[in-house]
Amino acid sequence: MNIQSHIMRFRANKRKKDRSNPLGTIGLVIAVVFSITAAAGIIIGVDRYSVVTKDLPTPEQMEILLNPTDGVLLEPTRILDNQGQTELWRFENPVVDHRRYINITDGSMLFFRDAPEVFINAALVAIDPIYFQRPGNFISSIMDSNIDPIPQKLVSELLLWDEITHPYRDIRINLLADQIVGRYGRQKIFEWYLNSAYFGNQIYGASQAANYYFGSNLENLDLADSALLAAVIKYPSLNPFDAPAAAKENQEKLLDEMLGLNLISIGEAELSGQKQLIYADPENTSSLIRPPYIDYILNEASVSVPRERLLRGGFNLISTIDEKIQHELECTTEIMVERVYGGEPALNPNCEASRLLPKYNGKILDQSDSLEINVVLLDPVSGEVRGMAGISEPGNNLSLDEAKNPGTLITPYLYLNAFTRGFEPASLVWDIPIEGKDFTPNQLHPGCTENCDFQGPVNIRTALGNDYLSPAVQLWSEQGIHQFRNTLTLFGFSLDEENCLDCPLFSESPVLEMIDLAQGFGVFVNQGYLRGKNNGSTGLDIQPASIIRIEDRSGLQWAYGNDVIEKKIISEELVYLINHVLIDELNRADSKYADVFQIGKIVGVKVGFVPESESGWVIGYTPQFVTAVWAGDPTNAEQTTGADYIEITSSIWRAITQSITREQIDEGWVIPPRTLTLDVCFPSGMLPTENCPRIVREVFIQGSEPQGTDTLYQALEVNRETGQLASVFTASQQIEERVYLNVPDEAKTWAEQVGLATPPTMYDLENSNNTRDGFSFTYPDNFSFINGQIRIVGSIPEEEFVSARLQYGTGINPRSWLQIGPEITNPVENSRLGAWDTTDLDDGIYALQLVLIKERQQIEKISLVVSVDNTLPELIFKTDLIDGDVSFERGKEILFEVEFGNNSEIQQVDFVLNDELLSSRKLPPFIHPWVMAVGEYELVISAEDQAGNQSEFSIEFNVIDD
């Protein structure tokens, strides 16, 4: 046997043994499965660990944030201007504007040079009494049921604050907390915590807190002060200035806890609890009033970086605010306020806009009167805020996102809706009293100082430009609140559910935010485009941007604001119509406002009168900027101050706009291709006629320009003596032409009140029987009905006869005549004069005239009026005999009844039953009662009108005896 055979036999025997030993096989399988599972677990664990730790900050990041010499968080977050050069604001308490770093450890032990031991102990008890007894690694912290609050809070708030939605966030916090504890030790972590903790009122760090609340350095605090300050670490809102009672209660609880841990004695606890705490002077701790753009910028920045993290410090917010423009807004507003209160401030050479302020002529306010002014300046082309300013009650921060009553600022959107339905600036509207309402002329002409009565017919241009509110209120009723809200939403307005409850004119109109109003008018600047920043957190798709970028103090970029987007809202043609009205300086009827808005530039301006309110608006725009100004009494006091808020707002608007546009090219808006200009009659907007009193040039969208001539002014011939409409019977020497205003029914009451002459409705028929001896019509009769071929009969005298002719014209006083037949060459007496074929004439009134030409070219005329009626009577059978069979009922009558479209024109109706005339009726009602009898019948009803037209109706029916 060779070696190869021996090996083969050994392997065969081994396979037999393996097959005969099941435990060995199972063990082998288990071993293999365990090995595979372990390997897989290791692979998965490594993979999960890499996922969990991906992009995890290094522990050294804490040094960058809180290094005593150049730590990022030791500097406040700042707002810079749009050039990134000028600091506009820093988020820190102005009373304590320096964050002093306190050292409590050298890395191996605690020392109490910068912070007293009682404060260190109080802070530990308040936050984590067993802080220094906690395990120092991640695995131990997982096994421990208690959290490790101090390092975890530092990691959560300072390093992983932007990982709110991370699925492994808690694990990452624990891992990183373990790393920084292992890297720097618990003493250093606690030192960092005390230097970064929030104490309320924009105070960060224990040293700054001691200075702010007690007016003392931290190292000088005793046990009572230390316990109170340590309690504020845990409850920042319950600080001694905002909640003094709660702060004192928390101090006493903390002293009891320190006593329970044998950190202080009973005597120390009692003395400290009874001590009268002395705080810093509240006047020295009042916060600086923040400009209104601060909150707006902070809200936008908070979308990218949480607000708490921004306020903690270490960021630069490069804003869209133009530092020069912002300064102009602030200083001009301040000087205007001084003037309103009777002051005469010296002109500021560094405030160019204030030198352009018109003199204030309104009522001077008492110092006890309240006044608030808000100003927003927007660059709608870029969709960015350039400035926000305002002045309010002392100690009050301004917030321009508070919704206000917009008053008449909404009217451009009402008329814009009308433009979408085919109206134009030239379209006729009526400035008249509103039926069913008690609005006075002053209420419907707010701010008016000249000619404030109702104007009657005006066009939309005049109504919108001068705030004639009667047409606007009528539009409001027609459009409804839902259509109006839809339009505002389209323009980017953030609409609350709250509506104006005390708006007498525009019932339930929404209150609106100032920034939205500025942005909405910016769409007019952009010729239909809404531009801004996409920001879903406010409920708006687009809002004006206030941030260019966010970067931390190390230069790392956190967010960019150059993602300005645009949305097409409405067509440029519709916007052009609004712009064309609002830039029309000559359209303003009141010289008070016509003058103040003329600044030598093309500007669109809308005054916002707020009836029955102590406030007023002006929003105006150039092709580069929108400036919105609001002024009012923020207290809503029942007693009015009497200030002229429109003068205040318009003066500020004028000064600012004139100043910031001084160097800009004066250019208007590009005329859209589908617009045209046309001469029309004012105020109807129709094509001019010779009766039009005033012709103006107006702008239209192609396809909606007028096609017909003016019908508002109507020239009528009247009898000058009676004032009645002239007819063919009126002597020519008594006829004169007068032009009347064609007043609709809804305006007739107004016309009567103002004594407006209305068109007469009655014709002069005094001489309708104008026949003379031997010169007359015999047939047809005057005021008769005729149709078809008419034989005209009459008489013409022989004396001085030359010729005669027949003629007819449309209406009772025709403007033109058509001759009937040839000239009449011989005089006649009661003979045929001619034949008049009326078959193809429209039904209506016509004048028939016989003209006699005598020797020496003398002319005589006689006339009559007839009604041509070639239409058969429209007969309607009212009796119910449709089924044909009627059950006999002894003595019962059947009413045969017919009606006509115009019963008064019917001359006779005949009822014929089985060829027997039952009756003839000449006057309505046309009814014949018939007593039923058994039999078969045919009913024939014939009708003849006054012109001889005949209609017939027949029906067969049976009366059966059941």
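So, a few notes on the structure that sits alongside this text. (Residues numbered from 1 in each chain as written. Predicted model: local features only at pLDDT ≥ 70, side-chain atom pairs only at ≥ 80, totals over all residues. Heavy atoms only, no water.)

Regarding the overall build of the chain
To keep things clear, this is the line we draw: In DSSP terms, a helix is any run of H or I states spanning at least four residues, a strand is any run of E spanning at least two, and both are numbered starting from the N terminus. Burial status follows relative accessibility: with a 1.4 Å probe on protein chains alone, a residue under 20% of its type maximum counts as buried, one over 50% as exposed, and anything between as partly exposed. We call two residues in contact whenever any of their non-hydrogen atoms come within 4.5 Å of each other. Per-residue and other accessible areas were derived by the Shrake-Rupley procedure at a 1.4 Å probe size, with only the shown protein chains allowed to occlude residues.
Helix and strand content of the chain: 22 helices and 35 strands. Sorting the 962 residues of the chain into buried and exposed places 50% on the buried side. Across the chain, contacts joining residues at least 24 apart in sequence account for 67% of those joining residues at least 6 apart. When the accessible area of the chain is evaluated, it comes to approximately 46,400 Å², of which 49% is carbon and sulfur surface.

Regarding the sheet that holds strand 12 (residues 564–568)
Within a sheet, neighbouring strands are paired by backbone hydrogen bonds and run either parallel or antiparallel to one another. Counted only if it meets this: Pairing between two strands is assigned when DSSP locates at least 2 bridges connecting them.
Across the sheet, which stays open at both edges, the three strands sit in the order 9-8-12 with antiparallel pairing between neighbours. With one partner strand each, in any of the chains shown, strand 9 (542–543) and strand 12 form the two edges of the open sheet. One ladder, built from two bridges, connects strand 8 (residues 529–534) with strand 9; its direction is antiparallel. Note that in strand 9 the partner of K533 across the bridge is Q543.

Observations concerning the pairing of strand 15 (residues 626–632)
Extensive coverage of strand 15 is indicated by the burial of seven of its seven residues. For strand 4 (residues 372–379) and strand 15, the ladder comprises seven bridges, and the chain directions are antiparallel. Residue pairing for strand 15: V376 is matched across the bridge by A628. Joining the antiparallel neighbours strand 14 (residues 615–621) and strand 15 is a turn of four residues.

Observations concerning a nonpolar patch on the surface
To be explicit about the condition: Here, patches come from residues exposed beyond 30% relative accessible area and free of salt bridges, joined within 9 Å for like charges and within 5 Å for nonpolar side chains (Val, Leu, Ile, Met, Phe, Trp, Tyr). Just to be clear on terms, a salt bridge is a Lys or Arg side-chain nitrogen sitting within 4 Å of an Asp or Glu carboxyl oxygen.
A cluster of nonpolar side chains, contributed by Y763, L765 and F783, occupies part of the molecular surface with about 260 Å² of accessible area. Within the element layout of this structure, L765 appears in the loop between helix 22 (748–753) and strand 20 (776–779). A residue is classified by how much of its surface remains accessible, and L765, at 34% relative accessible area, is partly exposed.

Regarding helix 21 (residues 645–660)
Our working definition: Working rule for helices: expected span equals 1.5 Å times residues minus one. Counting of polar contacts relies on pairs of N or O atoms within 3.5 Å, with two restrictions inside protein: one atom must be capable of donating a hydrogen and the other of accepting it, and residues adjacent in sequence are counted only when both atoms are side-chain atoms.
With 16 residues, helix 21 should reach 22 Å at 1.5 Å per residue; the first-to-last C-alpha distance of 23 Å fits that figure. The element helix 21 is largely enclosed, with a buried count of 15 among its 16 residues. Between the side-chain oxygen of the N-cap and the backbone nitrogen of I646 there are 3.3 Å, and the N-cap of helix 21 in question is D644.

Some remarks on unusual backbone geometry
Cis peptide bonds are those with omega within 30 degrees of zero, and the linkage from F682 to P683 qualifies with 5 degrees. Checked against the element boundaries, P683 lands in the loop between strand 16 (675–681) and strand 17 (695–701). Omega for the bond connecting Y779 with P780 falls within 30 degrees of zero, at 5 degrees, which places this linkage in the cis form. Secondary-structure assignment places P780 in the loop between strand 20 and strand 21 (785–786). Of note, F783 is a non-glycine position whose phi angle comes to about 65 degrees, a positive value. The residue F783 is located in the loop between strand 20 and strand 21 in this model. Taking the relative accessible area as the measure of exposure, F783 reaches 40% and is therefore partly exposed. Despite not being glycine, N914 shows a phi value in the positive range, around 50 degrees.

Some thoughts on the nonpolar core
The condition that has to hold: For the purposes of this section, nonpolar cores are sets of buried Ala, Val, Leu, Ile, Met, Phe, Trp, Tyr and Cys residues that join through side-chain atoms within 4.5 Å.
Of all hydrophobic cores here, the largest spans 96 residues; its most connected members are L317, F491, F506 and F521. Ignoring anything within four residues of it in the chain, the contact list for F506 reads G407, I410, T411, L414, L469, A472, V473 and W476. Of all hydrophobic cores here, the second largest spans 64 residues; its members include L194, Y212, A224 and A227.

Here we look at helix 6 (residues 149–159)
In terms of residue burial, helix 6 counts as a mostly covered element, since eight of its eleven residues are buried. Every buried residue belonging to helix 6 is among P149, I150, P151, Q152, L154, V155, L158 and L159, and all of these are buried. Residues of helix 6 that are buried make contact with helix 3 (61–66), helix 4 (117–127), helix 7 (169–196) and helix 13 (307–312).

Focus: the environment of G465
Residue position: G465 is located in helix 16 (residues 460–466). The class of G465 is partly exposed, set by a relative accessible area of 28%. Put simply, G465 and T411 are 54 residues apart on the chain and 9.7 Å apart in space, counted from C-alpha to C-alpha. For G465, the residues in contact, after removing those within four places along its chain, are V581, N587 and R588.

Comments concerning the packing of aromatic side chains
Defined as follows: Stacked, tilted and edge-to-face are the three classes assigned to paired rings of Phe, Tyr and Trp, where Trp is represented by its six-membered ring and a pair needs centres within 6.5 Å; plane angles under 30 degrees give stacked, over 60 edge-to-face, the rest tilted. In this analysis the charged atom, NZ for Lys or CZ for Arg, is taken to sit over a ring once it is within 6 Å of the ring centre and within 35 degrees of the ring normal.
Counted under the stated rule, the structure contains 38 aromatic pairs. When the ring of F315 is compared with that of W558, the centres are 5.9 Å apart and the planes differ by 70 degrees; the resulting orientation is edge-to-face. Residue F315 is located in strand 3 (residues 315–319), and its partner W558 is located in strand 11 (residues 557–560); the two are separated by 243 residues in the primary sequence. Here F315 falls in the buried class, since its relative accessible area comes to 1%. When its relative accessible area of 30% is taken as the criterion, W558 is described as partly exposed. Chaining the aromatic ring pairs together yields one cluster made of Y413, F491, F493, F521, F524, Y621 and W669. Taking NZ or CZ as reference, R186 lies 4.8 Å from the ring centre of Y131, over its face. Taking NZ or CZ as reference, K404 lies 4.7 Å from the ring centre of W630, over its face.

Thoughts on the pattern of salt bridges
For the coordinates displayed, the defined rule picks out 33 salt bridges. Taking the shortest distance from any N to any O, the salt bridge between K188 and E191 comes out at 2.8 Å. On the criterion of helical spacing, the pair formed by K188 and E191 is a turn pair, its members being three residues apart in helix 7. Judged by its relative accessible area of 0%, E191 falls in the buried class.

Re the sheet that holds strand 26 (residues 844–854)
As summarised here, the arrangement of the five strands in space is 21-27-26-23-24, forming an open sheet in which the pairing is mixed. Both outer strands of the open sheet, strand 21 and strand 24 (818–824), are each paired with one neighbouring strand and no more. With two bridges connecting them, strand 21 and strand 27 (residues 859–868) associate as parallel partners. Residue pairing across strands places F785 opposite S867, the latter belonging to strand 27.

Points about the environment of L850
Position of L850 relative to the elements: it lies in strand 26. With 54 residues separating them in the primary sequence, L850 and I796 have C-alpha atoms 9.2 Å apart.

Topic: a negative patch on the surface
The cut-off we apply is this: His is not counted, nor are the chain ends, whereas Lys and Arg count as positive and Asp and Glu as negative. All charge positions are set by atom: Lys at NZ, Arg at CZ, Asp at CG, Glu at CD.
Taken together, D915, E936, E938, E952 and E956 make up a surface patch of like negative charges. Going through the elements one at a time, strand 34 (935–945) and strand 35 (950–960) are the ones with two or more residues in the negative patch. Topologically, E936 is positioned in strand 34. Judged by relative accessible area, which is 66%, E936 ranks as exposed.

A few points about the packing of helix 6 against helix 7
What counts here: Note on geometry: axes are C-alpha line fits, over the in-contact stretch for helices, and angles between N-to-C directions span 0 to 180 degrees. Any angle that falls under 35 degrees is termed roughly parallel, while one over 145 is termed roughly antiparallel, one within 65 to 115 roughly perpendicular, and all others oblique. When residues are grouped by polarity, Ala, Val, Leu, Ile, Met, Phe, Trp, Tyr, Cys and Pro land in nonpolar, Asp, Glu, Lys and Arg in charged, and all others, Gly among them, in polar.
Closest axis-to-axis distance for the helix 6/helix 7 pair is 6 Å, and the angle between their directions is 105 degrees. Taken together, the axis directions place helix 6 and helix 7 in an arrangement best described as roughly perpendicular. Residue composition of the contact of helix 6 with helix 7, by class: 15 nonpolar, four polar and three charged.

Regarding the state of the cysteines
In a disulfide, the sulfur atoms of two cysteines are covalently bonded to one another. The condition that has to hold: Counting rule for disulfides: a pair of cysteine sulfur atoms within 2.5 Å.
What the rule picks out here adds up to three disulfides. Between the sulfur of C331 and that of C351 lies a disulfide, 1.8 Å long from S to S. Where C331 bonds to C351 through sulfur, the torsion about that S-S bond is close to 85 degrees, and the disulfide is right-handed. Here C351 lies in the loop between helix 14 (323–340) and strand 4 and C331 lies in helix 14, a separation of 20 residues in the sequence.

Treat this as a map of the structure, not an account of what it does.
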